[in-house]
Amino acid sequence: MPTDDIVIRPPQLADEVAVLDAWHACFARLDPAARLEASAWRRRWSEHPLGWQAQAAFAADGTCLAHFGGLGFRWRTPEGGLRRGWLVVDSFARMEARGGLGKRGWLARCCERFIAESMSREQRDYAHGFPVPRAWELGRRVMRYEFADEVRVWTASSEALQPWPTPLEARSAVLDERIARLDAMVYARTARIERSAAHLAWRLPADAQCVEVRAQDGGLRGFAAWRTTTFLGEPHLVLLDWVVDVADALAQGALLAAARNAVRTQGATRVAVWGSPRDPHAALWWRLGLRLRALENVQACFVPHDAHEARRVASELYLSFLDTDLA
Amino acid sequence: MSIEFRTFDELDPKLLAAAYDAAFAPRTRTAAAWSHARGDGAVARLEGIAAVQAGRVVAAYASCSMRGVCQGNFTRLGQVVDSFVTPEVRGTLGAARLLVQCGERHFARHGGADTTAFHYGWPIEAVRPLGEAHLGYLPLRREVVLYSELSGSESCPGEVQVGGDVEERLSDGQAAHDELWERLARERAIAVSHDAAWLRWRVREHPHTSYERLVVRHADGRLAGAVVLAASDAWHPRTIAIADWLVPETESSAAALLVGAARARAAAAGAKVLLALVPTRSAAFDVLQQLQLKPHDSGRYLCVRSFDPRVGERDLRAGLWTTMLDSDLV
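Residues numbered from 1 in each chain as written. Chains lettered and ligands numbered in written order. Predicted model: local features only at pLDDT ≥ 70, side-chain atom pairs only at ≥ 80, totals over all residues.

### Notes on the overall build of chain A
In terms of helices and strands, chain A carries nine helices and 14 strands. In terms of overall dimensions, chain A has C-alpha extents of about 70 × 45 × 35 Å along its principal axes. For chain A, buried positions account for 46% of its 327 residues. (Helix = DSSP H or I, 4+ residues; strand = E, 2+ residues; numbered from the N terminus. Buried ≥ 20, exposed ≤ 12 C-beta atoms within 10 Å, placed from the backbone.)

### Observations concerning the overall build of chain B
A tally of helices and strands in chain B yields nine helices and 14 strands. Against the globule reference of 20 Å for 330 residues, chain B gives a C-alpha radius of gyration of 20 Å, in line with a compact fold. Over its C-alpha atoms, taken along the principal directions, chain B stretches across nearly 70 × 40 × 35 Å. In chain B, which comprises 330 residues, the proportion classed as buried is 48%. In chain B, once contacts between residues fewer than 6 apart in sequence are set aside, the share between residues at least 24 apart is 72%. (Rg over C-alpha atoms; globule rule 2.2 N^0.38 Å. Contact = placed C-beta atoms within 7 Å.)

### Let's talk about the interface of chain B and chain A
Frequently, the measure chosen for interface size is the accessible area that the parts lose on association. On the chain A side, the residues contacting the 15 residues of chain B number 14 residues. Of all elements in the fold, only β6 (138-149), α8 (283-290), β13 (294-306) and α9 (313-319) of chain B reach the threshold of two or more residues within the side of chain B that touches chain A.

### Observations regarding the domain arrangement of chain A
Residues and elements named next belong to chain A. Per the domain assignment, the segments of chain A are domain 1 (7-151 + 297-323) and domain 2 (153-295). The C-alpha centroid of domain 2 is placed 27 Å from the C-alpha centroid of domain 1. Listing elements by their share of the side of domain 1 that touches domain 2, those giving two or more residues are β3 (64-76), β6 (146-157), α9 (307-316) and β14 (317-318). Per element, the largest residue contribution to the side of domain 1 that touches domain 2 is four residues, and it comes from β3. (Domains from an automatic or database assignment.)

### Topic: the domain arrangement of chain B
All names here are of chain B. Domain boundaries in chain B define domain 1 (3-116) and domain 2 (144-299). Look at where the C-alpha atoms of domain 1 and domain 2 centre, and you get two points 30 Å apart. Counting only elements with at least two residues in the side of domain 1 that touches domain 2, the list comes to α2 (31-38) and β3 (56-70). For the side of domain 1 that touches domain 2, the element with the most residues is β3, which contributes five residues. Of the residues that constitute the side of domain 1 that touches domain 2, the class distribution is eight nonpolar, five polar and two charged. (Nonpolar A, V, L, I, M, F, W, Y, C, P; charged D, E, K, R; others polar.)

### A word on helix α6 (residues 196-204) of chain B
Residues and elements named next belong to chain B. All buried positions along α6 are accounted for by A196, L199, R202 and V203. End-on view of α6: buried residues confined to an arc of 135 degrees, all on one side of the axis. Summarising the contacts, the buried residues of α6 are in contact with α5 (174-187), β9 (211-217) and β10 (223-231). (Arc of directions from axis to C-beta.)

### Some points on the nonpolar core
Core analysis: the biggest nonpolar cluster contains 97 residues, and A:L255, B:L258 and B:A276 have the highest contact counts within it. Core analysis: the next-biggest nonpolar cluster, separate from the first, contains 52 residues, A:L65, A:F68, A:A93 and A:V151 among them. (Core = buried A, V, L, I, M, F, W, Y, C linked by C-beta atoms within 7 Å.)

### Topic: unusual backbone geometry
Residue B:P26 is bonded to the preceding B:A25 through a cis peptide linkage, with omega at 10 degrees. Tracing the chain through its elements places B:P26 in the loop between α1 (13-24) and α2. The backbone phi angle of A:R124 is positive, close to 50 degrees, even though this residue is not glycine. Residue position: A:R124 is located in the loop between α3 (106-118) and β5 (126-129). Residues other than glycine seldom take positive phi values, yet B:Q71 does so here, at roughly 50 degrees. Here B:Q71 lies in the loop between β3 and β4 (73-85).

### So, α3(A)
Residues and elements named next belong to chain A. If you check α3, its first and last C-alpha atoms are 17 Å apart, about what 13 residues at 1.5 Å a residue would give, namely 18 Å. All buried positions along α3 are accounted for by W106, L107, A108, R109, C110, C111, F114, I115 and S118. Against the buried residues of α3 lie β1 (7-9), β2 (52-58), β3, β4 (82-93) and α4 (133-142). (Expected span 1.5 Å × (residues − 1).)

### Comments concerning the environment of A:D325
Residues and elements named next belong to chain A. The residue D325 is located in the segment after β14 in this model. On the neighbour-count criterion, D325 (15 C-beta atoms within 10 Å) is partly exposed. C-alpha of D325 to C-alpha of G289: the two residues are 36 residues apart in sequence and 26 Å apart in space.

### Concerning the pairing of β13(B)
Pairing analysis gives four bridges linking strand β5 (residues 118-121) of chain B to β13(B), with the strands arranged antiparallel. Looking at β13(B), one finds that B:G121 is bridged to B:C303. (Pairing = 2+ DSSP bridges.)

### A closer look at the confidence of the model for chain B
Residue and element names in this part refer to chain B. Taken as a whole, chain B shows an average pLDDT of 90; of its residues, 93% reach a score of 70 or greater. Residue range residues 156-164 is modelled with pLDDT below 50. Its contacts to residues more than four positions away, or to other chains, number 24 contacts. Per the prediction output, this complex has pTM 0.91; the corresponding ipTM is 0.90. (pLDDT = per-residue confidence, 0-100.)

### What about the environment of B:F118?
All names here are of chain B. Within the fold, F118 resides in strand β5. Classification of F118 by C-beta neighbours within 10 Å gives buried; the count is 26. Once residues lying within four places of it in the same chain are set aside, the contact partners of F118 are L77, G78, I190, V304, S306 and D308.

### Quick look at the environment of B:W201
Residue and element names in this part refer to chain B. Following the sequence through the fold, W201 ends up in helix α6. Overall, W201 belongs to the partly exposed group, with 17 C-beta atoms counted inside 10 Å. Separated by 157 residues in the primary sequence, W201 and A44 have C-alpha atoms spaced 8.1 Å apart. W201 has contacts with G39, D40, V43 and A44, leaving out every residue within four places of it along the chain.

So, in structure tokens, the structure goes:
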């Protein structure tokens, strides 16, 4: 492939068709049923309220050869500071643009440009992703990915969701800034990706169900979001987010009752929660009978020029499925 | 002052022992422990490279190479042990470089598909980045230990039906154990051979640590499973570890019986916690959770340096089987 005319630059709106063509060329090889509509692409990227950064390689005729990008997030440090991060998704290259035998591929070059242009060394920007094994191996070899952890989930038969008696009741949630405030309180002094009403509205899929538990004064005591989807080959109720004080048993009971009801009406046979044994809610999942299971995906991370920092941040962050692209 | 690199075989053992004691003070290693650590050459052998300066060992990098299985074939796995720089060079600009130089020479000499194909270990966090950057360490998983808090009145579950009761047998018929290991070797893609000969070296002949081995038999006398117990304060004080888990996936009754017995032994010994380490992507991880051992983040990463081009990272992550008995934590 002649490389003189290939340029790497951030994709523009006008490149959407070319980028989507490349996406389909790559992912249809792995899964012939893989389809991504332009509207979904636009929602994921250009409509993301916290912004995005991407670099793509284009041939002279406008063909997109490779794309590497990150969706923005802000995360609170345990000390209460706010830092910038990127969730790496949609990183791919056409077969003919891949490297090998010492030749650098265009995906690696896009990644390099992304790091140079979008990740501030001074501000210690952080990026992570949850690649499948093949993408991880490539990322480790040519894109400075660091290994943070296996991806693990708490999972059980949906019968495990047994609520306990509580006078409180969960109702359909209003996505507003109370959720961010509650999250900041529940996860105080821990590293956590910041919630905001705009981010939640953008991130939560159309089929997600969001519930909240209110205090008598109207304040928020609990928030949860889930969706029923095929996960690990079975219909799962996947808990996307679970924001409630670990000591607030009454609010937890109300959220569990709502989740239990969703299982009944939506036909999920199993339940899955993002799995970290360090999560403050781990004791709850354990008590309910959920068990930890490791997946093939890897949690990869990087901070420019500081692998140690990348791994430290990755090990400190309390994640939910909401913070990933896995459900 | 010039540095000379020598294999452990070329080195006066007293020089190595003196450097080891200096590096790990106040811990010291007795002559009996050195003799055991060096192994018999077949089941286990200590291989390493030492940096010698002015007649003294100032750094070393080593593995204990052991027989193993890899996808049904025989291989050797090396547990990285006894790697250090002595206090006289520690903290100097060249200390890390010295350790890396020893490691590079060690892997060049003792690493290979036909020698020791896989070198694994759980490096401390101060060393791991160095190993990843310069010695080809591949992190496979952040280990999750499984633990159970013990009450004072643990008793063996009575409802489990296996042919016999749990027996305490540190020594056992070699053939019976080897038959058990052969079953396990078919389930474990990549593992150190925990056969009778290895167990004799690692457990029975260990000079300073006391182990208990519990076995369950079928009615016809065949072993249905075994565990090795040892005291360990690596992660938690007053802990008894299920240091080895030798229970085939189909032997669920034996698993329950052995964990129940381990619980009872641990409680009787005054331990507050029973703890186990098995791969997260193994059936044993699920079984032990079913038997009420809870997951807990260990903060330690299992790393490997592979010299077998037929075995990819994915195979290693899914298939490398280790227990605490594969470490120096028990």
